[in-house]
Amino acid sequence: MVDTRSCQWLHLLVLGLLWFKTQGVYVPITYVQSAVAKGAVCLDGSPPAYHWDRGYGTGINSWLIQLEGGGWCNNVTSCLVRKNTHLGSSKRMVKQIPFSGILNNKHQFNPDFYNWNRVKVRYCDGSSFTGDVAAVNPVTNLHFRGARVWLAVMEDLLAKGMRNAENAVLSGCSAGGLASILHCDSFPALLPMGTKVKCLSDAGYFINAKDVSGGHYIEAFFNQLVATHGSAKNLLPSCTSRMRPGLCFFPEYMAQQIQTPLFFINAAYDSWQIRNILAPGIADPRGYWESCKLDIKNCLPSQIKTMQDFRLQFLVALLRLGKSSSRGMFIDSCYAHCQTEMQGLWLMPDSPLLNKTSIAKAVGDWFYDRNPFQKIDCAYPCNPTCHNRIYEQPAHHYPNL
């Protein structure tokens, strides 16, 4: 008995030490106070914020901008709820956060970007940094100013050295991954001529698919979002000139026009999209999908079949972009969402692999032009390296992470 307990404690100790070793530095928050005078504020009127770990050595003039994710709010009601959280107010954000995965400051765990200037831009506008409504309703005091927040944070970083950037990556996860697509072509315009600039979207390729009831829940949601936040004027004109602005929130309709090199990291069975686009609570009132959404191993054969069909829709939407030698793709068959910020998914001995390649290596090789990477995994459950996500709580009935 003693030996068994000793082994268990030793195992826990080893795991704890390994976790501590892989964690990057804790980085304090920076508030952009000067943005308030420009009206570039969070939903509640508080200043935007970011976390910055300075680059050094060969990375001193290289910048990686990571846009935080966190869903969206599509109307006054959901934005009022969001306003009182860290996703709507910098007053509610923690003062420091750990940098891991693509933000890690250790060569062993992030060999291509560890000594860059690494910035985590906090997300507090609810529109993927696209909104801009000048008027503020005095009753709700909601500020829809995401586009102004984006510009104010970039201007602050330019003044702190990003204007000298030699290399730059605009990346993001989930709603931040969508934002990195939407701002991909405007980002290089802020930087010096000759800067090597590329974009990375992690779990940001949201598709316009019907839900399990046959409805168009996510399309209606994005239509409401764009109208509420006044986002249309900040979406890609090459898309809004051809279709309704709400549709231009979907990468399948607008990403083909982007000129800056762009890398897509996505699970073909993206757990957020399965939970909120394919089977949102509003389309599943009896909760038939709840157990399946918590853990893919709980899914019935009929549900797996529906998810396989969703994967095919996702691939069709992705391939709609056409071929481009400058584009990168890492599309695995995992039940996951956001794979660049978690160290275990970005680069560890047991990280997910595609073509025997980790996400970190695929992205680094692509950015430095060592090797192109455009790979799409086989269908679930073919990839034994997947870390399939397990949830503890049922999905929300609105897209908010």
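I will try to describe carefully the structure that is included in this document. Here the structure is a predicted model, which is why all the values come from computation and not from measurement.

Criteria and cut-off values
- Residues numbered from 1 in each chain as written.
- Predicted model: local features only at pLDDT ≥ 70, side-chain atom pairs only at ≥ 80, totals over all residues.
- Heavy atoms only, no water.
- Helix = DSSP H or I, 4+ residues; strand = E, 2+ residues; numbered from the N terminus.
- Rg over C-alpha atoms; globule rule 2.2 N^0.38 Å.
- Buried < 20%, exposed > 50% of the residue type's maximum accessible area, 1.4 Å probe, protein only.
- Contact = heavy atoms within 4.5 Å.
- Areas by Shrake-Rupley, 256 points an atom, 1.4 Å probe, with all protein chains shown as cover.
- Pairing = 2+ DSSP bridges.
- Axes fitted to C-alpha atoms, helices over the stretch in contact; angles between N-to-C directions.
- Core = buried A, V, L, I, M, F, W, Y, C linked by side-chain atoms within 4.5 Å.
- Polar contact = N/O pair within 3.5 Å; in protein donor to acceptor, adjacent residues only side chain to side chain.
- Disulfide = S-S within 2.5 Å.
- Parallel < 35°, antiparallel > 145°, perpendicular 65-115°, else oblique.
- Nonpolar A, V, L, I, M, F, W, Y, C, P; charged D, E, K, R; others polar.
- Salt bridge = Lys/Arg side-chain N within 4 Å of Asp/Glu carboxyl O.

Okay, the overall build of the protein chain next. In terms of helices and strands, the protein chain carries 13 helices and 12 strands. Its C-alpha atoms give the protein chain a radius of gyration of 21 Å, near enough to 21 Å, the size a compact globule of 401 residues would have. With the C-alpha coordinates of the protein chain rotated into their principal frame, the extents come out at 65 × 55 × 45 Å. Looking at the protein chain residue by residue over its 401 residues, the buried ones come to 59%. Pairs at least 24 residues apart make up 77% of the contacts formed inside the protein chain by residues separated by at least 6 positions. In the structure as shown, the protein chain presents an accessible area of about 16,900 Å², 58% of it carried by carbon and sulfur atoms.

Turning our attention to the sheet that holds strand 9 (residues 328-332). Strand order in the open sheet formed by 10 strands is 4-1-2-5-3-6-7-8-9-12, and the pairing between neighbours is mixed. In the strand order of this sheet, the two ends are held by strand 4 (96-98) and strand 12 (374-376), each with one partner. Here the strands of the sheet are splayed against their neighbours by 20° on average, with no regard to which way each runs. Bridging between strand 7 (residues 196-202) and strand 8 (residues 262-267) involves 4 bridges; their strand directions are parallel. Bridge assignment links Leu 200 to a residue of strand 8, and that residue is Phe 263.

This part is about the pairing of strand 6 (residues 167-173). Regular strands have side chains that alternate between both faces of the sheet. Across the 7 residues that make up strand 6, a large majority, 7, are buried. Two strands pair when backbone bridges link them, and strand 6 and strand 7 are joined in this way by 7 bridges, in the parallel orientation. Residue pairing in the sheet places Gly 172 in a bridge with Ser 201 of strand 7.

Grouped together as the largest cluster of nonpolar side chains are 82 residues, with contacts concentrated most on Ile 65, Trp 72, Met 162, Phe 187 and Met 307. Every residue in contact with Met 307, bar those within four places of it in the chain, is listed here: Tyr 269, Ile 274, Leu 278, Trp 289, Cys 292, Ile 296, Cys 299 and Tyr 335. Ile 102, Trp 116, Val 169 and Leu 354 belong to the second largest nonpolar core, which has 23 residues in total.

What follows concerns the pairing of strand 9. Within strand 9, 5 of the 5 residues are buried, which leaves the element mostly enclosed by the surrounding structure. The side-chain alternation of strand 9 yields two buried faces, one formed by Gly 328, Phe 330 and Asp 332 and the other by Met 329 and Ile 331. Pairing analysis gives 5 bridges linking strand 8 to strand 9, with the strands arranged parallel. For Asn 266, the partnering residue across the bridge sits in strand 9 and is Ile 331. Across 3 bridges, the pairing between strand 9 and strand 12 is parallel. Across the sheet, the residue bridging to Phe 330 is Lys 375, located in strand 12.

Moving on to helix 4 (residues 175-182). Residue pairs spaced three or four apart in an α-helix point in one direction, given the helix's 3.6 residues per turn. Taking burial as the measure, the 8 residues of helix 4 include 8 buried ones, the bulk of the element. Against the buried residues of helix 4 lie strand 3 (62-67), strand 6, strand 7, helix 8 (251-254) and strand 8.

Burial analysis of helix 9 (residues 271-278) places 8 of its 8 residues in the buried class, the great majority of the element. Residues of helix 9 that are buried sit in contact with helix 6 (217-229), strand 8, helix 10 (290-294) and helix 11 (301-319). By the N-cap criterion, in which a side-chain oxygen at the helix start approaches the backbone nitrogen of a residue two or three places on, helix 9 is capped by Asp 270, the distance to Trp 272 being 2.9 Å.

A few words on the state of the cysteines. Applying the stated criterion across every chain yields a total of 8 disulfides. Between Cys 334 and Cys 386 runs a disulfide, and the two sulfur atoms are separated by 2.1 Å. Between Cys 334 and Cys 386, the S-S dihedral sits near -80°, and the bridge is therefore left-handed. Here Cys 386 lies in the segment after strand 12 and Cys 334 lies in the loop between strand 9 and helix 12 (343-346), a separation of 52 residues in the sequence. Accessibility assignment for this pair places Cys 334 and Cys 386 in one class, buried.

Further remarks concern the packing of helix 9 against helix 11. At a minimum axis separation of 12 Å, helix 9 and helix 11 run at an interaxial angle of 105°. Comparing their axes, helix 11 and helix 9 come out roughly perpendicular. Only Thr 306, Met 307, Phe 310 and Phe 314 of helix 11 make contact with helix 9, whose side of the interface consists of Gln 273, Ile 274, Ile 277 and Leu 278. Considering only residue class, the contact of helix 9 with helix 11 consists of 6 nonpolar, 2 polar and no charged.

To continue, consider the pattern of salt bridges. Inspection of every chain in the model, using the stated rule, returns 15 salt bridges. Among the ionic pairs, Arg 118 bridges to Asp 53, the shortest N-O distance being 2.6 Å. Pair noted here: Arg 118 is in strand 5 (residues 117-121) and Asp 53 is in strand 2 (residues 49-53), with a separation of 65 residues, a long-range link. You can call Arg 118 buried: its relative accessible area is 0%. Notably, a salt bridge pairs Arg 370 with Asp 365, separated by 2.8 Å at the nearest N-O pair. Put simply, Asp 112, Lys 361, Asp 365 and Arg 370 are held in one network by salt bridges that share partners.

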